[in-house]
Amino acid sequence: MTGGSGVVVIDNGGGLLKAGFGGDKDPIAVVPNCIAKSPGSTASSKKWLAADQLQAQDVDVTGMTLRRPIDRGYLINTEVQREVWERVLRGLLQVDPTNSSLLLVEPQFNPPGLQHATDELVFEEFGFSSLCVADAPSLVHLYEATHQPSLFRAQCSLVVDCGFSFTHASPVLQNFTLNYAVRRMDLGGKALTNYLKELVSYRSLNVMDETLLIDDAKEKLCFVSLDVPRDLRLARLSHKDNPFRCSYILPDGITSKKGIVKDMDEARRYCSLPADGELDKKDGDSDTNKFEDKKKPELSQNEFALTNERFLVPEMLFHPIDLGMNQAGLAECIVRAVQACHPYIQPVLYESIILTGGSTLFPRFAERLQRELRPIVPEDYQVKIIPQENPILGVWRGGSILASSPDFTSMCVTKSEYEEMGSARCRRRFFH
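As recorded by an unreviewed UniProt entry, the protein carries the name Actin-related protein 6 and is attributed to Lolium multiflorum. Of the comments in the UniProt record for the protein, the one headed Sequence similarities (unreviewed entry) reads "Belongs to the actin family. ARP6 subfamily." Listed in UniProt under the heading Subcellular location (unreviewed entry), the comment for the protein reads: "Nucleus".

Following this line, the structure appears as structure tokens:
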């Protein structure tokens, strides 16, 4: 046992699984929560790769078939989850579950049927000695409150979690998520990747089967625009004047097995644009120049160029209606969550908006959210946004603090209690 406390902490995300030991600063494993098979493997060989095996340098991820245990935010395939956990627990953490407690981060509003299936996996398949279930917002608040005195004093915050399947705005008071006030958008990292796949496939190469590669391109090249109309005009400029144009090279399976950005300096040109104000006359180039140059840059067969896709993809989170999704944007979602709370805590919530989840890592995300919120929040309230130091590990780190706290044992359900009372009665302890 490597960890200090004998408690395994798993943040079982839809995209990435984070696992380690309570009391440690960081998890031991941050791995894809899926299994995958390359197109070359025959039905008989059935060589499915799980978790960290997909991150190996010599694995070609082109055209891989993915199977995920989590769909639309909920654990629906326990068979696949068992394979991933088996790999993580025995292979990476090298732990014997029968001698360990488990702190599991579970999705909010998990239906009883899925809770029961999770309990079976934990106690019957793996034989953990005890289980504690927590939700992401309360753990994020716990982590930030232990590091920020102002949050600790206020004892409440609004956690905005832009995850793989969903985006939640969740008010937290004294480490309890106020479920009645939580507001959700059915948009997360997965939808953004799918949108980028569609845009690239329509405009250049068919990449509909390249989930892992397009995920990588999205993470490395997409950013949030602070002035969408201006950036759309700039994105129409010819190659040399276009500050957004950059190329992503797909692996050829021989010289490279991972996708790469062709020229990172070129990809970062947009950073030098002024955040506000009008641009110079370059924007007014004649239409002939704009479209004449379009075809000039030569692209190899396994390469695609991105221009306005780079900011139109994250734009989904702020204005889903532009893409035909009948949903409020992120700023409105936050305001609705705050308005569902008692008026006394509303100003405090606006002053402690914590950003977590991988999709908050897009450059300029916090600045854009501040600009969207300010006009729709009452003038006499301050708006303060706190991006997490590491939004991918924030939930896990909160779990690690909880797992090493003195009263953790009293929060757990033991295997014998589960066997005696069953899943439904045990679950009452977790206040869900």
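(A) Region of the structure containing the environment of M264. By the element assignment, M264 lies in helix α8 (residues 264–267). Judged by relative accessible area, M264 falls into the partly exposed class, the value being 29%. For the pair M264 and C246, spaced 18 residues apart in the sequence, the C-alpha separation amounts to 8.3 Å.

(B) Region of interest: the side chain of E210. Among the secondary structure elements, E210 is positioned in the loop between α5 (189–203) and α6 (211–221). No salt bridge is formed by the buried E210, whose closest oppositely charged neighbour, K197, lies at an N-O distance of 8.7 Å. A polar atom in the side chain of E210 sits 2.6 Å from the backbone nitrogen of G63. Setting aside residues no more than four positions away along its own chain, E210 makes contact with V61, T62, G63 and K197.

(C) Layout of empty space enclosed by the protein. Throughout the structure, instances matching the rule amount to one cavity of 30 Å³ or more. By volume, the largest cavity amounts to about 80 Å³. Considering the residues around the largest cavity, the lining is formed by N12, I70, G73, Y74, L75, L104, V105, E106, P107, N110 and T118. Contributions of two or more residues to the lining of the largest cavity are made by β8 (74–75) and β9 (101–105). Looking at the lining of the largest cavity residue by residue, the classes come out as six nonpolar, four polar and one charged.

(D) View of the packing of aromatic side chains. One pass over the full model with this rule turns up ten aromatic pairs. With a centroid separation of 5.3 Å and an interplanar angle of 65 degrees, the aromatic rings of F244 and F311 are classed as edge-to-face. Separated by 67 residues along the polypeptide, F244 in the loop between α7 (228–234) and β15 (246–249) and F311 in helix α10 (residues 309–318) bring together distant segments of the chain. Given a relative accessible area of 0%, F311 falls into the buried group. An aromatic cluster of three or more residues is present, and its members are F223, F244, Y270 and F311. When the ring centre of F166 is taken as origin, the NZ or CZ atom of R184, which lies over that ring, is 3.9 Å away.

Scoring rules and cut-offs
Counting restarts for each chain: residues are numbered from 1 in the order of the written sequence. Totals for whole chains, interfaces and linings use all residues, but because this is a predicted model, local features are given only for residues with pLDDT of at least 70 and pairs of side-chain atoms are given and counted only at 80 or more. Note that the side-chain values use all heavy atoms of the structure and ignore hydrogens as well as water. UniProt positions are given in the numbering used here, feature names are shortened, and annotations may be inferred rather than shown by experiment. Only DSSP runs of H or I reaching four residues or more are called helices, and only runs of E reaching two or more are called strands; each is numbered from the N terminus. Any residue under 20% of the maximum accessible area for its type is buried, any over 50% is exposed, and the rest in between are partly exposed; the area is computed with a 1.4 Å probe on protein chains only. Note on charges: Lys and Arg go in the positive column, Asp and Glu in the negative column, and His and the chain ends are not counted at all. We define a salt bridge as a side-chain nitrogen of Lys or Arg found within 4 Å of a carboxyl oxygen belonging to Asp or Glu. Counted as a polar contact is a pair of N or O atoms within 3.5 Å, where, for protein atoms, one must be capable of donating a hydrogen and the other of accepting one, and residues adjacent in sequence contribute only when both atoms are in side chains. Whether two residues touch is decided by their heavy atoms; if any such pair falls within 4.5 Å, the residues are in contact. Points on a 1 Å grid, built from protein atoms alone, make a cavity when a 1.4 Å probe fits but cannot get out and make a pocket when they are open with protein on both sides within 12 Å along at least 5 of 7 lines; residues with an atom within 4 Å of a point are the lining residues. Grid points are joined across faces, edges and corners, and a volume is the space filled by probe spheres set on the points. Just so you know the grouping, Ala, Val, Leu, Ile, Met, Phe, Trp, Tyr, Cys and Pro go in nonpolar, Asp, Glu, Lys and Arg go in charged, and all remaining residues, Gly too, go in polar. Aromatic contacts are taken between Phe, Tyr and Trp rings whose centres are within 6.5 Å, Trp giving its six-membered ring; a plane angle under 30 degrees counts as stacked, one over 60 as edge-to-face, and the others as tilted. The rule is short: NZ of Lys or CZ of Arg within 6 Å of the ring centre and within 35 degrees of the ring normal puts a charge over the ring.

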